[in-house]
Amino acid sequence: MGYRVLGKTEDLLQGYGPRKGLEGPFVYANGRILYYDVQEGAYWDPRTDFYVDQEEVNMLHCMTVELLTA
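Residues numbered from 1 in each chain as written. Predicted model: local features only at pLDDT ≥ 70, side-chain atom pairs only at ≥ 80, totals over all residues. Heavy atoms only, no water.

> Explain unusual backbone geometry to me, please; I cannot follow it from the model alone.
Peptide bonds are trans in most cases, and residues, glycine excluded, mostly fall at negative phi. Here the amide bond leading from Gly-24 into Pro-25 is cis, since omega sits at 20°, within 30 degrees of zero. Tracing the sequence through the fold places Pro-25 in strand β1 (residues 22–27). With a phi angle near 65°, Asp-49 is a residue other than glycine that sits in the positive phi range. Overall, the relative accessible area of 53% leaves Asp-49 in the exposed class. (Helix = DSSP H or I, 4+ residues; strand = E, 2+ residues; numbered from the N terminus. Buried < 20%, exposed > 50% of the residue type's maximum accessible area, 1.4 Å probe, protein only.)

See below:
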């Protein structure tokens with residue numbers, strides 16, 4: 001079994017730390033950073049201050065899986 005380094009997450013996460021009431025931050029393959037709001041049951045984008053549509057989150061998850069399995 002091996003692993004793949006996706007990039008320097010320290011650079012991507014600069015300015016994005018833990019936030020009260022949210023899980024994350026989660027970094028996706030395209031560099032997007034999202035937090036999960038347990039109360040809302042949705043992912044939140046701190047750059048836009050909007051919740052992300054579940055279909056878009058599913059697409060981000062698929063992109064990450066494809067990158068890891070390639």
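> When you look at the packing of aromatic side chains in this model, what are you seeing that I'm missing?
For any pair of aromatic rings, geometry is given as the distance between the ring centres together with the angle between the planes. A full pass over the atoms with the stated rule returns three aromatic pairs. The interplanar angle of 50° and the centroid separation of 6.0 Å between the aromatic rings of Tyr-35 and Trp-44 together place this pair among those described as tilted. Relative accessible area serves as the criterion here: at 0%, Tyr-35 is assigned to the buried category. Given the relative accessible area of 12%, Trp-44 is considered buried. What links up through ring pairs into an aromatic cluster is the set Phe-26, Tyr-36 and Tyr-43. (Phe/Tyr/Trp six-rings, centres within 6.5 Å; stacked < 30°, edge-to-face > 60°.)

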